[in-house]
Amino acid sequence: MAEKLAIDGGKPVLTRKDFKNWPIIGSDERRLVNEVLDRGIVAGGTAPQVMALEKEWAAYTGAKYCLTTCSGTAALHMALAAVGVGPGDEVITSAFTFLASASCAIHQNAIPVFVDIDPKTFCMDPARLEAAITPRTKAIIPVHIQGCPADLDPILAIARRHSLAMIEDACQAHGAVYKGKKVGTLGDIGTFSLNNFKNLCGGEGGLFITDSEGYLEKGVLIRCFGDEVDEKSKRRVYNASILGYMYRNQELPAALTRAQLLHLDEYNRVRIDNANALTRELAKIAGVIPPFCPPECTHVYFMYNVRFDPKKAGVSCEPRRFRIAVEKALYTEGMLIGQWQTMPVPAQDLFQSKLGYGGTGYPWTINEAKGIHYNYDPRQFPVAQELCDTYTIVHGIHAPNGREHVERMAAAFRKVFSNLDAALKHADDPIYPGADGALYGAG
Ligand SMILES: Cc1ncc(COP(=O)(O)O)c(C=O)c1O
């Protein structure tokens, strides 16, 4: 007889206490953060921790130059400004991503254009890219989503053929590798987030990498109000030469990031080992589709994505309803599980309403006034939509959670999938806290 599910009053397989926290705070974090406190320098574009982090991240990725920023969003916006994206230009990104991959274009008064995704990697589908290019396109932002490298060779070839900048959104993919190169180093500029969930965590923050001295110089200006610095004295002259922003990082987040960077490869290894172990087990369960790692790539599993297929599970149920029912059952088994993005980004109200800045319709009106229409009908992104209906995220595969923990996660899946009839009875119950949202920390 099937074991009674926790959702029906049975004993859960896991409890919240079984999950160890991310990020891991150890002696390196304490040492480097204390260094900041002991030195008494807490901020500054050329402060010691910030400068050291820039050197270390450039060395780690193989990029020539690195700038720290206050967020991944800031790094993306800086990148668009540095490559010369401006009002009315179009910037192409992926339909399944975080809002910032697209809103960074709006921040530059440019217009985001979306491309549907590859059904296996969930990254931009290169086969659909060229159709999205217009005479107004200035840049392409492939996103290495959930830690999986996007297929950059064809994307870069298209970018070069059309003289477009390629900016990698590697905000979720620290240490991921595409054909022997660290992601972020293949395009013109690479960007990373350092927020609390990320594989490389500084609390908040971002990183901007490039091999171009020109983009570096632009980045330095844009990061700090557009203010020029006197060559000789290295002091700001309080004379802005271009429009800039206040996108500097600080010493405490930079110190924390440096400590985390000492362990990045080791912690990524744990994620990869745990992910591979979980994938081996979940692949044995009919109706569960574990994530895919493309050949010649290293996926760093910032998120472990699982999809469900009711037909393959032998159940007659609408896929979205099936996913929600299974998610609830797994959640009550003690899994930290739930969706991240619930819809393709172009389906969000911002794009459906095109209200832009406070209801002005800007920046779309720049081109719509000339008769060019922007259509964000979500039906143009069927692969991203299907993913959003059927996927969930299994949290907790990060270090220091180990193999024994992963084995219990697999056991929770086995338990629910051997009693699907019971799970499906709860499909219409109210959504459980967290079953449809972020689970660690505060959003
Ligand atoms: C794909 C992607 N791009 C950009 C960002 C923005 O990074 P931040 O939150 O540091 O601004 C994130 C953050 O989660 C992200 O996941």
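Now for a look at the structure at hand. (Residues numbered from 1 in each chain as written. Predicted model: local features only at pLDDT ≥ 70, side-chain atom pairs only at ≥ 80, totals over all residues. Heavy atoms only, no water.)

1. Details of the overall build of the protein
Step number 1: The helix and strand tally for the protein stands at 14 helices and 16 strands.
Step number 2: A compact globule built from 443 residues would reach a C-alpha radius of gyration of about 22 Å, and the protein, at 23 Å, matches this within 12%.
Step number 3: Residues classed as buried in the protein amount to 58% of the 443 residues present.
Step number 4: Counting contacts in the protein only where the partners sit at least 6 residues apart, residues at least 24 apart contribute 71% of the total.
Step number 5: Entry remark: accessible area of the protein is about 18300 Å², with carbon and sulfur atoms responsible for 54%. (Helix = DSSP H or I, 4+ residues; strand = E, 2+ residues; numbered from the N terminus. Rg over C-alpha atoms; globule rule 2.2 N^0.38 Å. Buried < 20%, exposed > 50% of the residue type's maximum accessible area, 1.4 Å probe, protein only. Contact = heavy atoms within 4.5 Å. Areas by Shrake-Rupley, 256 points an atom, 1.4 Å probe, with all protein chains shown as cover.)

2. As for a negative patch on the surface
Step number 1: Negative charge collects at one region of the surface, where E213, E217, D230 and E231 lie side by side.
Step number 2: Mapping E217 onto the fold places it in helix α6 (residues 213-223). (Patch = residues over 30% accessible without salt bridge, like charges linked within 9 Å, V, L, I, M, F, W, Y side chains within 5 Å. Salt bridge = Lys/Arg side-chain N within 4 Å of Asp/Glu carboxyl O. Lys, Arg positive; Asp, Glu negative; His and termini not counted. Charge placed at Lys NZ, Arg CZ, Asp CG, Glu CD.)

3. With respect to the pairing of strand β8 (residues 189-193)
In the case of a regular strand, side chains alternate between the two sheet surfaces.
Step number 1: The buried fraction of β8 is high, at five of five residues.
Step number 2: On β8, burial covers both faces: I189, T191 and S193 on one face and G190 and F192 on the other are all buried.
Step number 3: As judged from the three bridges shared by strand β5 (residues 165-169) and β8, these two strands associate in the parallel manner. In the strand pairing of β8, I167 is matched with I189.
Step number 4: Where β8 meets strand β9 (residues 206-210), five bridges bridge the pair, whose relative direction is antiparallel. From the neighbouring strand, I189 faces β9, where its bridge partner is T210. (Pairing = 2+ DSSP bridges.)

4. Section: the packing of helix α3 (residues 72-82) against α6
Step number 1: At their nearest, the axes of α3 and α6 sit 9 Å apart, and the two run at 120° to each other. As summarised for this structure, α3 and α6 are arranged oblique, according to the angle between their axes. In this structure, α3 crosses over α6, and the sense of that crossing is right-handed. In this structure, α3 contributes M78, A81 and A82 to the contact, and α6 contributes Y215, K218, G219, I222 and R223.
Step number 2: Each residue belonging to the contact of α3 with α6 can be placed in one class, and the counts come to five nonpolar, one polar and two charged. (Axes fitted to C-alpha atoms, helices over the stretch in contact; angles between N-to-C directions. Parallel < 35°, antiparallel > 145°, perpendicular 65-115°, else oblique. Left-handed = near helix turned anticlockwise from the far one by under 90°. Nonpolar A, V, L, I, M, F, W, Y, C, P; charged D, E, K, R; others polar.)

5. Looking at helix α13 (residues 403-417)
Step number 1: Under the 1.5 Å per step criterion, the end-to-end length of α13 is 21 Å for 15 residues, consistent within 8% with the ideal 21 Å.
Step number 2: When we look at burial in α13, the residues that qualify are H405, V406, M409, A410, A412, F413, K415, V416 and F417. (Expected span 1.5 Å × (residues − 1).)

6. Here's the deal with the packing of aromatic side chains
Step number 1: Enumeration according to the criterion identifies 18 aromatic pairs in this entry.
Step number 2: These aromatic residues form a ring-pair network of at least three members: F114, F351, W364, Y376 and F381.
Step number 3: The ring centre of W22 lies 4.7 Å from the NZ or CZ of R271, which sits over that ring. (Phe/Tyr/Trp six-rings, centres within 6.5 Å; stacked < 30°, edge-to-face > 60°. Lys NZ or Arg CZ within 6 Å of the ring centre and 35° of its normal.)

7. A closer look at the side chain of T279
Step number 1: Looking at the element boundaries, T279 is found in helix α8 (residues 264-282).
Step number 2: Here Y304 takes part through its side chain, which lies 2.7 Å from a polar atom of the side chain of T279.
Step number 3: When residues no more than four places from it in sequence are discounted, the contact partners of T279 are P290, P291 and Y304. (Polar contact = N/O pair within 3.5 Å; in protein donor to acceptor, adjacent residues only side chain to side chain.)

8. Comments concerning the nonpolar core
Step number 1: Judged by nonpolar contacts, the single largest core of 64 residues is most densely connected at W57, I92, F96, F114, L129, L207 and F351.
Step number 2: Put simply, the parts of the chain that give this core at least two residues each are α2 (48-61), α4 (100-107), β3 (111-115), α5 (152-161), β9, α7 (251-262), α12 (382-390) and β16 (391-394).
Step number 3: A277, L282, V326 and L420 belong to the second largest nonpolar core, which has 41 residues in total. (Core = buried A, V, L, I, M, F, W, Y, C linked by side-chain atoms within 4.5 Å.)

9. Some points on the pattern of salt bridges
Step number 1: Here the structure, examined in full by the defined rule, presents 24 salt bridges.
Step number 2: Two residues, D116 and R128, come together in a salt bridge whose shortest N-O distance is 4.0 Å. Placement of D116 in the loop between β3 and β4 (137-141) and of R128 in the loop between β3 and β4 is noted, with a sequence separation of 12 residues between them.
Step number 3: Here R128 and D125 are joined by a salt bridge, their closest N and O atoms 3.2 Å apart.
Step number 4: Judged by its relative accessible area of 35%, R128 falls in the partly exposed class.
Step number 5: Each member of the salt-bridge network shares a partner with another, and the members are E281, K284, E407 and R414.

10. Overview of the sheet that holds strand β15 (residues 337-338)
Step number 1: Across the sheet, which stays open at both edges, the four strands sit in the order β12-β14-β16-β15 with antiparallel pairing between neighbours. The two strands at the open ends of the sheet, each matched to only one other strand, are β12 (288-289) and β15.
Step number 2: The pairing of β15 with β16 spans two bridges and is antiparallel. Residue pairing for β16: I337 is matched across the bridge by V394.
Step number 3: Lying on the sheet, α13 is in contact with β12, β14 (304-308), β15 and β16; it crosses β14 at an angle near 10°.

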